[in-house]
Number of protein chains: 2
Amino acid sequence: MKIMVGGTFDPLHDGHRRLLARSFSLAGPDGRVIIGLTSDRFAGSKTHPVEPYETRKAGIERFVREEGYTAAFEIEPLSDRFGSALDLDFDALVVSEETLPVAIEINRLRRERGKKKVDIHQITCVLAEDGRWISSTRIHRGEIDEHGRLRPDAGTSAG
Amino acid sequence: MKIMVGGTFDPLHDGHRRLLARSFSLAGPDGRVIIGLTSDRFAGSKTHPVEPYETRKAGIERFVREEGYTAAFEIEPLSDRFGSALDLDFDALVVSEETLPVAIEINRLRRERGKKKVDIHQITCVLAEDGRWISSTRIHRGEIDEHGRLRPDAGTSAG
C-alpha cells in the first residue's frame, strides 16, 4: 500500500516512532511511505523552538534505517496541514488522535476535488510514565524525555 | 495484533469483504480477529429483512475459509453498537466511514471505564458501478448486486 503520514517530529519521541512504525507496517515490505515534514516556517507557529527541517529530516532517516524497513519512502515538506494529501493518489493516511479531524477534512476536500477518499488509520497516543500523552511540548518543557520517562527536574527549566 | 470488527454482513458484499480482508491483514498471520455479528433482535431494526444469525455467520466463515486467512478468529453476537468492545483487551477496531463515530465513542467510553484506548482503522466504502456506496439496503432494493454491479431491473422489485 501507499501510505501518507505527517508531522513535525521534533524531537522524535515514542509517539512519532509508533506513527512511523505503523506506517511502514501498513505499507508492507514492498510498499511506499510518504512522510510530510512540516517546513520551518509552518512549524514556526509552535509554542516551543523547533530544530531546522534538515535536522528533523535526518532524524527520521536515521530511525527508518535503524529499523530496517524495506518499503520505499520519501520525506517532503509540509507547508500547511494538508500538503500533497489532497492531490496525490495513495491508499491510507496514518494519524494520531490529535490529527484525526485533519484526516477527515482531507477526505472531504479530496471528494470535492473528484479524488477518491483514502483509508484512515488512527493510532492512540503513547502514554508517558505519568499516564498522560507523550508530546513534544512536554519534552520541551522538560517534564519527560522522548520515551515518556519523568525527568527528575520536572517542572523546572528544560536544562 | 488483536482486531475487532462488527456488522450485520447481510448479504456479504464487497464492502464487507474489504472490511474483513483488512481486519485479517492488520491482525497478521498469527493474530486474532473478533467479529461482532449483530443479533437477529438488534439487526431487526433495519429497514429491510435480514437473514438469520446462523446463516450470516456461516457466510462469514465461508469467506474466511476461502481466503485462507490463518489468524485465529471468532464470531460473537452484537446486541448493541458496542458489544464487548468496551471491555475486552485488544489493539485496533476496523470500521467503515459510517461507523467511525461509533469507534470514537467506544474509545471515549473505554477511557471512562479505565480501559486503554484502541487504534482505529477506517476503510473507505467500496463504490458500486454508479459511483455510489455499495450497501445492503441498495442490494435489498434490487439496485445493485453484492459486487456493486447495476442490475438491469434496477428500481423495480428485487426479484
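Just above, that's the structure.
Residues numbered from 1 in each chain as written. Chains lettered and ligands numbered in written order. Predicted model: local features only at pLDDT ≥ 70, side-chain atom pairs only at ≥ 80, totals over all residues. Heavy atoms only, no water.

Enquirer: Pulling in residues and values, what's your account of the pattern of salt bridges?
Expert: All names here are of chain A. One pass over the full model with this rule turns up 35 salt bridges over all chains. Residue Glu 112 pairs with Arg 108 through a salt bridge whose shortest N-O separation is 2.7 Å. Separated by four residues within a single helix, Glu 112 and Arg 108 lie in helix α4 (residues 100-112), roughly one turn from each other. Each of Asp 130, Arg 132, Arg 138, Arg 141 and Glu 143 takes part in one network of salt bridges that share partners. (Salt bridge = Lys/Arg side-chain N within 4 Å of Asp/Glu carboxyl O. Helix = DSSP H or I, 4+ residues; strand = E, 2+ residues; numbered from the N terminus.)

Enquirer: Please provide a residue-by-residue account of the relation of the copies chain A and chain B, values included.
Expert: At an RMSD of 0.0 Å, chain A and chain B line up after a rotation of 180° and a shift of 0.0 Å along the axis. Such a combination of turn and shift is consistent with a two-fold rotation axis. Among all residues of chain A, the minimum C-alpha distance to the rotation axis is found for A:His121, at 2.1 Å. (Least-squares fit on C-alpha atoms with pLDDT ≥ 70 in both.)

Enquirer: Just give me the short version of the packing of aromatic side chains, but keep the residues and values in it.
Expert: Taken as a whole and judged by the stated rule, the model has six aromatic pairs over all chains. Taking the centre distance of 4.4 Å and the plane angle of 5° together, the rings of A:Phe24 and A:Tyr69 count as stacked. Within this pair, whereas A:Phe24 is found in helix α1 (residues 14-27), its partner A:Tyr69 is found in the loop between α3 (53-67) and β3 (72-78), the two being separated by 45 residues in sequence. Judged by relative accessible area, which is 24%, A:Tyr69 ranks as partly exposed. Each ring, one from B:Phe24 and one from B:Phe73, has its centre 6.0 Å from the other, and the planes form 70°; the classification is edge-to-face. Within this pair, whereas B:Phe24 is found in helix α1 (residues 14-27), its partner B:Phe73 is found in strand β3 (residues 72-78), the two being separated by 49 residues in sequence. Taken together, the aromatic side chains of A:Phe24, A:Phe63, A:Tyr69 and A:Phe73 make up a single cluster linked through ring pairs. (Phe/Tyr/Trp six-rings, centres within 6.5 Å; stacked < 30°, edge-to-face > 60°. Buried < 20%, exposed > 50% of the residue type's maximum accessible area, 1.4 Å probe, protein only.)

Enquirer: How would you sum up the side chain of A:Arg22? Please name residues and give values.
Expert: Here A:Arg22 lies in helix α1. Taking relative accessible area as the criterion, A:Arg22 reaches 12% and is therefore assigned buried. Reaching out from A:Arg22, the side chain makes a polar contact with the side chain of B:Asp119 at a distance of 2.7 Å. Setting aside residues up to four positions removed in sequence, A:Arg22 forms contacts with A:His121, A:Ile123, B:Met1 and B:Asp119. (Polar contact = N/O pair within 3.5 Å; in protein donor to acceptor, adjacent residues only side chain to side chain. Contact = heavy atoms within 4.5 Å.)

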